[in-house]
Every structure is written in structure tokens, then in C-alpha cells.
Amino acid sequence: MDLFSNHNSQSDLKQDIPLVDGELALYPDLFSLSEANDYFKTLLDDTPWTQEEITMYGKTHNVPRLSAWYGDAEIPYTYSGITAYALPWTHSLQIIKNRIERVSHTKFNSVLVNLYRDGNDSVSWHADDELELGPQPEIASLSLGHARSFQLKHKTDKSQKHSLLLPHGSVLLMRGQTQKNWLHQIAKSRRPMGARINLTFRWVDAALAQRSAV
């Protein structure tokens with residue numbers, strides 16, 4: 001039986017998404033249903049999930065999702081006051097990375113893997129604009145599991161907003177000035193929903209990352 005029945009059965013054609021001051025493209029079906037199902041199960045079962053803590057206004061809270069950071073040797077990643085040190089690439093992650101690199105024509109050296117267990121898990125408004133990601137970060141985001149709404153809003157033009165449903169097996173590419181000019185989030189939802197795994201591949205400047213982690 002298929003784990004997820006809402007998977008798009010169309011070919012893996014690239015869909016360019018109009019975006020003011022940014023570049024956004026969606027491959028709604030880059031991974032077949034059977035591939036997406038297999039990778040979802042493998043990652044869910046084999047990833048050493050961690051629930052990080054974040055301190056805001058003097059109070060410490062659990063981050064509302066589980067995560068793991070993989071990459072080339074000794075690449076740390078610091079975000080929201082959290083520093084994660086890269087785990088070695090697994091065979092599955094290498095295969096996924098190679099597929100995404102072929103279609104995006106971009107090299108990646110790391111990936112942040114997030115598990116949204118249900119609608120209570122989320123990530124708040126942010127941009128992937130850390131210094132070690134460079135002036136124009138290229139982010140490739142693979143979604144596996146329950147389709148969630150990916151929301152974007154322009155940093156200065158409040159009239160510019162977008163919402164995309166990211167299906168099981170889809171890859172969203174964010175490049176150009178997207179991180180400079182836009183924020184994005186996965187909001188909480190009261191609707192019943194299953195687990196979603198998201199993998200955001202990126203290129204991190206190892207030297208800058210090491211300095212940020214000190």
C-alpha cells in the first residue's frame with residue numbers, strides 16, 4: 001500500500017514560479033511515488049533525530065520540530081543560536097543529493113533534515129541568509145510525506161505574498177535574491193495531518209561556518 005496517495009503522477013517538469021525580487025522553481029514530481037515512499041520510511045527510521053532548544057527573551061523552548069544536520073566533514077551550521085555539527089552522508093542522502101544536483105546544476109555540501117511530526121510542528125518566518133551561505137544562497141528543498149503549505153512574504157512589500165502546497169516527492173528551488181528579499185515559513189495547523197520530512201540542501205562556506213560556530 002502507498003504511504004501517501006496525494007502524490008502528483010505527472011512527469012518531473014520544472015515549473016517556474018513568478019516571484020518579485022527572487023527566483024523560485026518547483027519540480028512537483030522529481031521523485032517517483034515509490035522512491036518518495038522508500039526515502040520517507042528510511043529517513044524516518046534511521047535519522048538520529050534531535051529536538052533542539054532555543055532561548056528567546058530569557059526563556060528556553062523546544063524547537064517545534066525534530067532535526068539532523070548532514071554534510072561534508074567538519075561543516076557546522078549555526079542558525080537561531082543553534083550550532084549543529086555535520087553527520088557523515090548516508091547512502092540514501094548521497095543518491096538524493098546527486099539527483100537534485102543534476103536537475104538544479106548546483107553543487108551542495110550539506111543538508112538540514114527536519115521532521116514535522118504533525119500540524120503542531122512548524123518553522124516560523126525566516127530567511128536562509130546566514131553569512132556562510134553566501135550573498136545569493138541556492139537552496140533545494142525536498143518534501144516527503146504529508147503535503148504542507150509553504151508560505152512566503154516579501155520583506156518590504158507587504159502586498160507580495162505566496163503560498164505553495166509542496167507534495168510528496170517534490171523539490172523547490174530557491175535562488176538569486178530570494179533569501180535577501182523574502183521570508184518563508186511552515187505554519188502550525190489545527191487540521192489532522194501526518195508526518196512530513198523536509199530536506200534543505202545548501203552550500204556552506206566551511207571557513208565562515210567554523211568562525212560562526214566559535
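For the structure itself, consult the block above.
It should be emphasised that the depicted structure is a prediction, and the values quoted were computed from it without experimental measurement.

Undergrad: How should I be thinking about the overall build of the chain in this particular structure?
TA: In terms of helices and strands, the chain carries four helices and 15 strands. Against the globule reference of 17 Å for 214 residues, the chain gives a C-alpha radius of gyration of 16 Å, in line with a compact fold. On the principal axes, the C-alpha backbone points of the chain span a range of 45 × 40 × 40 Å. Of all 214 residues assigned to the chain, the portion counted as buried reaches 50%. Contacts spanning at least 24 positions in sequence make up 73% of the contacts within the chain whose residues lie at least 6 apart. For the chain, the accessible area works out to roughly 10,800 Å², and carbon and sulfur atoms hold 51% of it.

Undergrad: I tried to follow the sheet that holds strand 8 (residues 110-116) on my own but got confused; where do I start?
TA: Backbone hydrogen bonds are what pair the strands of a sheet, in a parallel or an antiparallel way. Read across the open sheet, the seven strands follow the order 1-2-13-10-15-8-5; overall the sheet is antiparallel. Pairing within the sheet leaves two strands with one partner each, and these edge strands are strand 1 (15-17) and strand 5 (66-71). Here the average twist between neighbouring strands, direction ignored, is 20 degrees. Where strand 5 meets strand 8, six bridges bridge the pair, whose relative direction is antiparallel. Bridging across to strand 8, Gly-71 finds its partner in Ser-110.

Undergrad: I tried to follow the side chain of Arg-175 on my own but got confused; where do I start?
TA: Positionally, Arg-175 belongs in strand 13 (residues 170-175). There is a polar contact of 2.9 Å between the side chain of Arg-175 and the backbone oxygen of Ser-104. When sequence neighbours within four positions are dropped, the list of residues in contact with Arg-175 reads Gly-22, Glu-23, Ser-104, Thr-106, Pro-137 and Glu-138.

Undergrad: What should I look at first to understand the pairing of strand 5 in this one?
TA: Two faces make up the sheet, and in a regular strand the side chains alternate between them. The buried fraction of strand 5 is high, at six of six residues. The two faces of strand 5 match: Leu-66, Ala-68 and Tyr-70 on one face and Ser-67, Trp-69 and Gly-71 on the other face are all buried.

Undergrad: Would you explain helix 1 (residues 33-46) in this entry?
TA: Structural remark: α-helix, 3.6 residues per turn; residues separated by three or four positions point the same way. Over its 14 residues, helix 1 extends 20 Å from the first C-alpha to the last, a length consistent with the 20 Å expected when each residue adds 1.5 Å. Residues of helix 1 that are buried include every one of Ala-36, Asn-37, Tyr-39, Phe-40 and Leu-43, and no others. Those residues of helix 1 that are buried lie in contact with helix 2 (91-104), strand 10 (139-145) and strand 15 (196-202).

Undergrad: It is not clear to me how the packing of aromatic side chains should be interpreted in this structure. Could you clarify?
TA: Two descriptors summarise a pair of aromatic rings, namely the distance from one centre to the other and the angle between the planes of the rings. Under the criterion given, the structure shown has four aromatic pairs. Plain terms: the ring middles of Phe-31 and Tyr-39 are 6.0 Å apart, the flat faces sit at 90 degrees to each other, and that makes the pair edge-to-face. In this structure Phe-31 comes out as buried when scored by relative accessible area, which is 0%. On the basis of relative accessibility, which here comes to 13%, the residue Tyr-39 falls in the buried class. Relative to Phe-201, the ring of Trp-89 lies with its centre 6.4 Å away and its plane at 5 degrees, an arrangement referred to as stacked. Taken together, the positions of Trp-89 in the loop between strand 7 (82-85) and helix 2 and Phe-201 in strand 15 put the pair 112 residues apart, joining distant regions of the chain. Across the pair, Phe-201 and Trp-89 agree in class, each one buried. Three or more aromatic residues link up through ring pairs in this structure, and these residues are Trp-89, Phe-108 and Phe-201. Against the face of Trp-89 rests Lys-97, its NZ or CZ located 5.4 Å from the ring centre.

Here is what the cut-offs are and how they apply
- Residues numbered from 1 in each chain as written.
- Predicted model: local features only at pLDDT ≥ 70, side-chain atom pairs only at ≥ 80, totals over all residues.
- Heavy atoms only, no water.
- Helix = DSSP H or I, 4+ residues; strand = E, 2+ residues; numbered from the N terminus.
- Rg over C-alpha atoms; globule rule 2.2 N^0.38 Å.
- Buried < 20%, exposed > 50% of the residue type's maximum accessible area, 1.4 Å probe, protein only.
- Contact = heavy atoms within 4.5 Å.
- Areas by Shrake-Rupley, 256 points an atom, 1.4 Å probe, with all protein chains shown as cover.
- Pairing = 2+ DSSP bridges.
- Axes fitted to C-alpha atoms, helices over the stretch in contact; angles between N-to-C directions.
- Polar contact = N/O pair within 3.5 Å; in protein donor to acceptor, adjacent residues only side chain to side chain.
- Expected span 1.5 Å × (residues − 1).
- Phe/Tyr/Trp six-rings, centres within 6.5 Å; stacked < 30°, edge-to-face > 60°.
- Lys NZ or Arg CZ within 6 Å of the ring centre and 35° of its normal.

Any functional reading would require information that these geometric values do not contain.
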